[in-house]
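Observations on the three-dimensional arrangement
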Amino acid sequence: MTALLPGLPPSLPILGGGIALLLLCIAWRRSEARAILIALATLLLAFASLWWPLLPWPGDPTGMLFVPDGWFTYIAALILLSSAATMIMAWRETGTSSDEFYLLLLLGTLGALVMAGSADMVIFFLGLETLSLSLLGLIAWHRTHPTADEAAIKYLILAGLSSAILLFGLALSYAESGSLRFAAPSLDGQEGPALPLAATALVLTGLFFKLSAVPFHTWLPDVMEGAPTPVASFIAVTSKIALFAALARYFAGADLLRPDAAGTELAIVAVLSMFGGNLLALGQSNLKRLLAGSSIAHVGYLLLALLSPGPFGLASAAVYLAAYAAATSGAFAALGGASVPADIAGWRGMFRRRPALALAMAIMLISLAGIPPAIGFFAKTYIVIAGVSARRIVLLVALVASSIIGLYYYLNVVRAMMEPLPEEHRAARGTPANAGLIAILAIVTVLAGLFPETLVRQTHSLLQPTPIMRQASLRPAAPHDILYRE
Amino acid sequence: MDALLLPLIVFCPLLAAGILFVSTGRMPARPSCVIGAGSVGLSALLAGRLAAGFLAAPPPTGALHVTLWSWMQVEGFSTRIAFALDPLSLVMMLVVTGVGFLILLYAGGYMHDDPDIARFFGCMTLFVAAMLVLVFSSDLLSLYIGWEGVGICSYLLIGFWHTDAANVAAARKAFIVTRIGDAAMLCGLLLLATQAGTLDIAALLHIVATGPAQLLPTTAAFLLLGGAVAKSAQVPLQTWLPDAMAGPTPVSALIHAATMVTAGVYLIARLHPLFMAVPAAMTAVALVGLVTLLLAAGSALVQTDIKRILAYSTMSQIGYMFLALGSGAWQAAIFHLVTHAFFKALLFMAAGAIILRVHHRQDIYQMGGLAPAMPGVFAAFLAGAAALAGLPLLTAGFYSKEMILQGAWHANPLLWAGALLGAFATAIYIFRCVFIVFFGTRHTEPKGHTGATMAIPLACLAILALAGGWMEMPDTIAPVHLLSHLLSPLFGTPMAEGPSWLLWAGSLVPLTGVGVAWLLWRPRTQARTTPEDAIARLARTGWGFDTLYDMLFVRPFITLGRLNQSDICDRLSDATAATARTGGRMLSHMQSGQVRRYAGWIAAGTVVALCLGIRA
Amino acid sequence: MNAASPTQALLLATILFATGLLGVLARRNLLLMLMSIEIMLNAAALAFIAAGARWHAAQGQVMFLMILSLAAAEAAVGLAIILRLHAAGRPTLDADTGNRLKG
Amino acid sequence: MSDLPFILFSLVAACAALMVVTRAVPVHALLYLVVLLLSLAGVFQALGAPFAAMLEIIIYAGAVMVLFVFVVMMLNLGRTDRDRERHWMAPGIWIGPAILSCLLLAALCITLRAMPPTAAPDTLVSIGPQAVGIMLYGPYVLSVELASFLLLAGLVSAFHIGRNIRGTGAATGEA
Amino acid sequence: MIALPALILLPAAGGLAAWLSDRDRQASSLSWWVAITTILLQALLLLFITCTAGWGHGPWLAHFSVPWIPALGIAARMDMDGLSLVMLWLTTLLSFPCVILSARDVGERPGLFHLLLLATIAGINGVFLATDLFLFFFFWELMLVPMYVLILQWGHEDRRRAAIKFFLFTQGSGLLMLVAILGLVILHQHATGILTFDYFALADTPLMPTAAMVLMLGFFIAFAVKLPVVPLHVWLPDTHTQAPTAGSVLLAGILLKTGGYGLIRFVVLLFPEAAARFAPMALALGVAGILYGAWLSLAQDDIKRLIAYSSVSHLGFVLLGIFSGSPMGMRGAVVQMVAHGLSTGALFVIAGSLQDRLHTRDMRRMGGLWQALPHLSSVGLFFAIASLGLPGMGNFVGEFLTLLATWRVSPPMAILGTAGLVLSAVYSLTMVGRAFVGPPHAGQGATHAPPPADFGPRQMTVLGLTMALLLVLGTYPQPVLDLSLPAPAHAAPQTEVPRP
């Protein structure tokens, strides 16, 4: 059995089982409470299983479909936690017959986990598309919202397009090397590097699309605006974490400091994302779109970490992912819990109406902006450490310049919340679960910012994705190796 | 004992100033006067006691040194708050406290119905204290405290009646113009401190005397001259003094006639070895003095405001002192400083008494025929005018001016000629004033009478203005050399006297001037006017310096500042912000909502990445 | 050179891929955009099969199967959304007009 | 192996793809798409992948296309739709996409030409269902499981979306 | 010494207490009393620290260190030398006018106001103490946030723009400094293999001249924005103008000084060679600041803007002093900072009071205020005179020493700087002339509003003490001069400084 399931981390079957159970439950009798309980329990179980793996990880990915190394464990923990946060956000927010919502969320989480841990193109592709298809259902969830369909169709077409491009890239890569391992082609010993580079470019398009890096980002604001708030959070957090993990894994063995096309493209996209995201958010009055822009910019910062190999590169990215996940989830939870239109005007005077909520929102925004004492400050510092350490001067300059733009719009929201409101009316409250979530995230954001040592130590040692050797294909390609011919 | 006395002389007025400032608005008029005048009087008494002691038993080093405390002590530079009493500062001390007391006494009468009298006396006593600091300091930097201190007091007092915008403007102008000189002086101090490592006057002069000849003395002397020129209202920084007459008359008497404006003379005299080391600076001092004395006398000839006449006269007289300094006649300069303090304070106070009586009018053409109405004031004014004109034998001004003429003759006969011309003009303008104000038809009926507090100082100063010159006489008349003798440890023996016809010339010229004035402005039936041609107009406006400066410096500066009021750097940062906002709009535009266009971006990005890959 | 070589097949895949892209970019009808995407997916599938043939391995066909399932699922969801759009006020299925999410 | 079928199917496929993209009537495009899929099945066969060719015909050209046909029928398109479609396909609109597509094509062709030779001989071997099956249920058995989740995700999504069509339609109809 | 972190925690805790004490709306002045108590306690604490400091045991007087993020070599390390002590005292002293005068009359939510005020002070104290570069940067950024909210909530009409400008400029330049800090840390790591943010360890980093220059510039720009140095000053006039009075006082009095402090502590002492090479440029910038600030100050109609530009001018002297390359200049710069803090802080108190009373800052609508507000005007006159650098006041000592130090390096620069003194007289007296003296403004008599209240005993006492401090600083600056020379970066305190 173990030979058949190479490297399978136990959290995946747990999730699969949970999905099956939920399916049965839905078939038996619909109940939102039971659905969320099962879903949360599944996530919790999967989370716990990260620390008690059934199968020891040998440390060598050869011949394995999954790489349950430290990087995966960490990312999986983040994915599971942020999924749980999404579920709590969605509690009583998604209307009737919402148990399927949790089913889809679980499916998406499964896809994300698969993607984060995959060592093989097939697996990666399946994870990606599982996530993508469940997202489609989630985005189009609200039948009464006129924008839901629009968001869904946009996502469908663009995701299809990018999937096709990604697939074509994978195919080229396979055609070139004969290996389905999910890793960037190594350029050593090649006569003409054009084909592997072209394949990488196409694959990167697919990854960047899902990561919503500029210029592949255009769908994100629209989709996030059209989707229900928890789903937007899911897109911005869970999906991005998984994709970033996969991207890091893809380039795990590659030397990104070398001025070849892949490194250059990554750097260009990083700079574009930093500026593009921040500038895009600058002009937004809708908070969801603003957060979309912000999340685009954060992808740029993360790419800087990725592009800075060395002792700090991915460790800083890991810390940053955690900070980003906490703050963005928190911001969306606050958005969901505020029960006001998600534009800045709706949030005016929030400090008078819902001081605690406004404070939490302010903490999240401050964290995203990278201002102490929130964790975002430390995380950004850490990324800059990595960048400086790798001497990524241009990228650092871009980070500094675009961060200044970022400060403006984050603080603009804070400012709006502080403005006095002519008429004092109290907005409806969100669910207690959501309020608890917001509180926990706010506290975590501040405490982690004040005492980041634990997080740093967690990420410091673990965290290089294990490189996947390209030549370690399942089937070495040679004529005599063809086992079955007609 | 003396070491305690010296700071105490400064401290008395300083304490009074403190009390008066703190109590402003609550203390009635009389106690204010008592505190103000009394403290200075006490200082004068102490100064007298100190002077007596000094003269009786001069300290062996020639000066009494008192170090109060170390002011700044850092690497390579230290300065102390330190006082020294030597003959020069002794003379100055007596003038400042003595004349100062008389003027404050007078002010008690002059200002007694002003609601802000406490503030007035506060500023006045503060001024006396600052002036004493200036005089006593044995360190150039602590001298600078007094130097700027008197400046700020001058500012406060010129603008004392602050509800009138003109007064405020005059005060500001006075301070700023002198501040220009002060800045030059500060540069000089910086240079000296850098080169010599100290600002202690004695040490500094020692270094100048013994040190290698270098750039230091020349530049420093000229920079310090800049400060002196501004403070003493000499060309080209003289424009503030006439406007400064906006202040109350006692202020004009004390600050803008007797003491502060002579600080420049004092400074140069104090640092005379430095200036002697630089012949060019000496020439410059003499020329500045000559030019000022002639220009100012010319302006005074055509003024109609009695205080402005006196102001131009002050400039002119200080020009004499500068001329003397530039000629190397140090004693003459100090002597004239002393006598000028007497007679010019007298003139101002007499003028103040007149102004008070004629309903605060200052135009001499609106007075006329006042001699019968106020004989005492007339007598005092006449005494002052005579001393100013330098009428022979009787007046103090005669002796000091003679000494200056002698010195100028020794330096350069041309200087002498110019000075003589100035003396001629002096006699004309001051007696023009006398004739117009006190003779002829009465245009304004005087009211009230001049009180005792005003009369006593007038009398005292009148006596001093006439008799004060007898402490120093030419050998031709009587070999009295009290002042020269006193100052000789500092300045050396005065130069020998010139031929005796010089004395005759110096005696006859003022008399001729009085005669000319009588011819032109003697009481007549028809109205007496001042000529109204272009030169006269130019002279009346102080030879157009104000207009020139206004056009050259003030206006461009203000205009450019106004243009840049909103700060061009700020616009640049705004432009950056606007760029960012435009970028945001462009990206929003990219977000057109059309899925085809989004797909286009994706495809374009892919194609570009592909092309990158192929090129690599 | 053998005409039916994997390289030639890859060339065909590329042509189909470009044509599909042309369709996605140029057509305004959502249905036809969806069809164009199907073309692109097919091109990718063809590329995988060609690559598999090049390496004489079965993995290309495994991937083909996965793509097939994706295409089926995506077509199902996509068509459902199109139907809903059609029913809910965008009967022309025009991708360019009627967008509320923008800016 | 004969070259002729490959070349023939390739040509047909390319032409059919172009037709799909340029048809004004969706049904025509759909039919060309079916032609494309069928000819692709031929190409697969020529490449030595008979199993893939069968699946292409059965599932793709069969099942998936039926879905499309079904939807096109439900949409109930008419002459006005065709005219509108023609109008949308004004020549100007093609310029940008064509440039992008051509660039992509050119770039990929250049890279393909630079494809290094493989260790394998340039002969084609046919890889039948058996090989695929062993591969699928051997090392890649997990992918089958995952594919089922993928299909489940698609199913649930499509179900949820599709369930509400009538409701919303009725709602708009009433309004 | 545990008292060092207490200096940061005490205001923070006091602020929280003030905030909580304002929960019930009845006792709105309770929070004010809490705030005053906090400041008093802080003063006592500082007195205690001053008394128990390790005098005579080397330049560093007190030390505190606990590990914070050991994985990255970050510690919560604080050290105090004379310079820190002077700046801390300045902070503490200026908190009094802030709270006693300005915060008393804040309109709504005084509790929050006091919280933010004290939080800013806590951050500033941290900046003056931290000797771990990460900790320093942490405080450096942290002190901006409450200030931002202060301006935003209690500022004047155009507060949004001002607040965001303030934040963007300071924070943005801070990011540059962050990059420079990390660059230094990484270079140190490359050279020695040790990852640390410790100030003393980093001071020994061997650096190539170019690298040192680049890093130095990173620090310099951040501090130059804060100081501010022309042309990076543009945030300052807007911010000062729009900030509430207490905010202006805090900004002008202390916050700007963190820039000067940083220049001394981090630019000059960490990169002595690079700073020396950069000195001519910095001197030129300083002179440009002096003249440009003075010039624009003269052109303003808004009294707060005028004072703000005068700050630009005054702090040009600080730059001159710091980069004159001699201890004398540095001492002069510190005195100038202290004196400017006192005088300009007081001027902002006065300008703020004027705005409270007249509801305008436009000097075209003032004039002749002396008659209605004699106390206020006389105090204003005093501080205007102080700010024009009259000898005998602290400002003169600072300006003289910096100019003297500059003269040794470059006489032309010193001459230009001296020219700034003339201009300072011009704008100071123009302000006095337009606002306090002269004929009363026509509009004032027309309104039948009750005459504005003059300064009462509370204001006069506090401002009187400030005057006294300025005078003492001007006539006997030796204690400050002795303290103000920063301890060298290489003389790290080995362990806990022994108690005397």
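Residues numbered from 1 in each chain as written. Chains lettered and ligands numbered in written order. Predicted model: local features only at pLDDT ≥ 70, side-chain atom pairs only at ≥ 80, totals over all residues. Heavy atoms only, no water.

Turning to the overall build of chain E, a few remarks are in order. Tallying secondary structure elements over chain E gives 21 helices and 2 strands in all. Taken over C-alpha atoms, the radius of gyration comes to 22 Å for chain E, in line with the 23 Å a tight globule of 500 residues would show. For the C-alpha atoms alone, the extent of chain E along its principal axes is close to 75 × 60 × 40 Å. Across the 500 residues in chain E, those meeting the buried criterion constitute 71%. Counting only contacts in chain E whose residues sit at least 6 apart along the sequence, the fraction spanning at least 24 positions is 80%. Of the roughly 14100 Å² of accessible surface on chain E, a fraction of 69% belongs to carbon and sulfur atoms. Each charge class in chain E was averaged separately, 24 positive and 22 negative side chains, and the resulting centres sit 5 Å apart. (Helix = DSSP H or I, 4+ residues; strand = E, 2+ residues; numbered from the N terminus. Rg over C-alpha atoms; globule rule 2.2 N^0.38 Å. Buried < 20%, exposed > 50% of the residue type's maximum accessible area, 1.4 Å probe, protein only. Contact = heavy atoms within 4.5 Å. Areas by Shrake-Rupley, 256 points an atom, 1.4 Å probe, with all protein chains shown as cover. Lys, Arg positive; Asp, Glu negative; His and termini not counted. Charge placed at Lys NZ, Arg CZ, Asp CG, Glu CD.)

Partitioning chain B into domains gives domain 1 (1-75 + 82-138), domain 2 (139-531) and domain 3 (567-615). For domain 1 of chain B and domain 3 of chain B, the distance between their C-alpha centroids amounts to 75 Å. (Domains from an automatic or database assignment.)

In this section: the arrangement of the chains. The interface with the most contacts, out of 8 pairs of chains in contact, is the one formed by chains C and D. At no point do chain C and chain E touch; the closest pair of C-alpha atoms across them sits 24 Å apart.

Next up on the list: the nonpolar core. Within soluble globular proteins, side chains that are nonpolar generally end up buried alongside one another. Residues Tyr102 and Trp347 of chain A together with Phe220, Phe323 and Phe400 of chain E are the most contacted members of the largest nonpolar core, which totals 772 residues. At 21 residues, the largest contribution of residues to this core is made by helix H2 (residues 30-55) of chain C. Once you skip the residues sitting within four places of it in the chain, Tyr102 of chain A turns out to touch Leu22, Glu32, Ala35, Ile36, Ala39, Met87, Ala90, Trp91 and Arg92 of chain A. (Core = buried A, V, L, I, M, F, W, Y, C linked by side-chain atoms within 4.5 Å.)

A few words on the packing of aromatic side chains. In the structure shown here, the tally under the stated rule is 69 aromatic pairs over all chains. Ring centres of Phe124 of chain A and Phe182 of chain A lie 4.1 Å apart, and the angle between their planes is 20 degrees; on these two criteria the pair is classed as stacked. Taken as a pair, Phe124 of chain A in helix H5 (residues 121-139) and Phe182 of chain A in the loop between helix H6 (146-177) and helix H7 (194-211) lie far apart in primary sequence, 58 residues in all. You'll find Phe124 of chain A and Phe182 of chain A in the same group, each marked buried. Between Phe398 of chain B and Tyr399 of chain B, the aromatic rings sit 5.1 Å apart at their centres with planes inclined by 70 degrees, giving edge-to-face as the arrangement. (Phe/Tyr/Trp six-rings, centres within 6.5 Å; stacked < 30°, edge-to-face > 60°.)

So, on to the pattern of salt bridges. Applying the stated criterion to the full structure yields 39 salt bridges over all chains. Linking Arg289 of chain A and Asp222 of chain A is a salt bridge whose minimum nitrogen-to-oxygen distance equals 2.9 Å. Taken together, the positions of Arg289 of chain A in helix H11 (residues 287-306) and Asp222 of chain A in helix H8 (residues 219-226) put the pair 67 residues apart, joining distant regions of the chain. You can call Asp222 of chain A buried: its relative accessible area is 0%. Where Lys173 of chain B meets Asp243 of chain B, a salt bridge forms, and the shortest distance between an N and an O atom there is 2.6 Å. Of the two residues, Lys173 of chain B is situated in helix H6 (residues 165-196) and Asp243 of chain B in helix H9 (residues 240-243); the sequence distance between them amounts to 70 residues. A single salt-bridge network, built from bridges that share partners, covers Asp570, Arg571 and Asp574 of chain B together with Arg161, Lys165, Asp238 and Arg305 of chain E. (Salt bridge = Lys/Arg side-chain N within 4 Å of Asp/Glu carboxyl O.)

Over its 32 residues, H6 of chain A extends 47 Å from the first C-alpha to the last, a length consistent with the 46 Å expected when each residue adds 1.5 Å. Counting buried positions along H6 of chain A yields 31 of 32 residues, so the element is predominantly enclosed. (Expected span 1.5 Å × (residues − 1).)

Before going further, it helps to spend a moment on the interface of chain D and chain C. Taken together, the contacts link 85 residues of chain D with 71 residues of chain C. Summing both partners gives a buried area of about 6900 Å² for chain D against chain C, and 80% of it is carried by carbon and sulfur. Counting across the chain D and chain C interface gives 1 salt bridge. When the shortest N-O distance is used, the salt bridge between Arg27 of chain C and Glu85 of chain D registers 3.2 Å. At the junction of chain D with chain C, the criterion picks out 9 residue pairs in polar contact (both at pLDDT 80 or more). Those elements giving two or more residues to the side of chain D that touches chain C turn out to be helix H1 (3-22), helix H2 (26-46), helix H3 (50-75), helix H4 (79-88), helix H5 (92-113), helix H6 (129-137), helix H7 (141-163) and helix H8 (165-174) of chain D. The element best represented in the side of chain D that touches chain C is H3 of chain D, accounting for 13 residues. Considering only residue class, the side of chain D that touches chain C consists of 64 nonpolar, 15 polar and 6 charged. (Buried area = accessible area lost by both parts, 1.4 Å probe. Polar contact = N/O pair within 3.5 Å; in protein donor to acceptor, adjacent residues only side chain to side chain. Nonpolar A, V, L, I, M, F, W, Y, C, P; charged D, E, K, R; others polar.)

With that out of the way, let us pick up empty space enclosed by the protein. Empty space left among the atoms is revealed by rolling a probe the size of a water molecule over them. Residue and element names in this part refer to chain A. Inspection of every chain in the model, using the stated rule, returns 11 cavities of 30 Å³ or more. Roughly 50 Å³ of volume is contained in the largest cavity. Lining the largest cavity are His298, Tyr320, Ala323, Tyr324, Ala327, Ser367, Leu368, Gly376 and Ala379. Elements supplying a minimum of two residues to the lining of the largest cavity: helix H12 (313-338), helix H14 (355-369) and helix H15 (375-389). The leading source of residues in the lining of the largest cavity is H12, at 4 residues. The residue inventory of the lining of the largest cavity, partitioned by class, reads 6 nonpolar, 3 polar and no charged. (1 Å grid on protein atoms, 1.4 Å probe; cavity = no way out; pocket = protein on both sides within 12 Å on 5 of 7 lines; lining within 4 Å. Points joined across faces, edges and corners; volume = space filled by probe spheres on them.)

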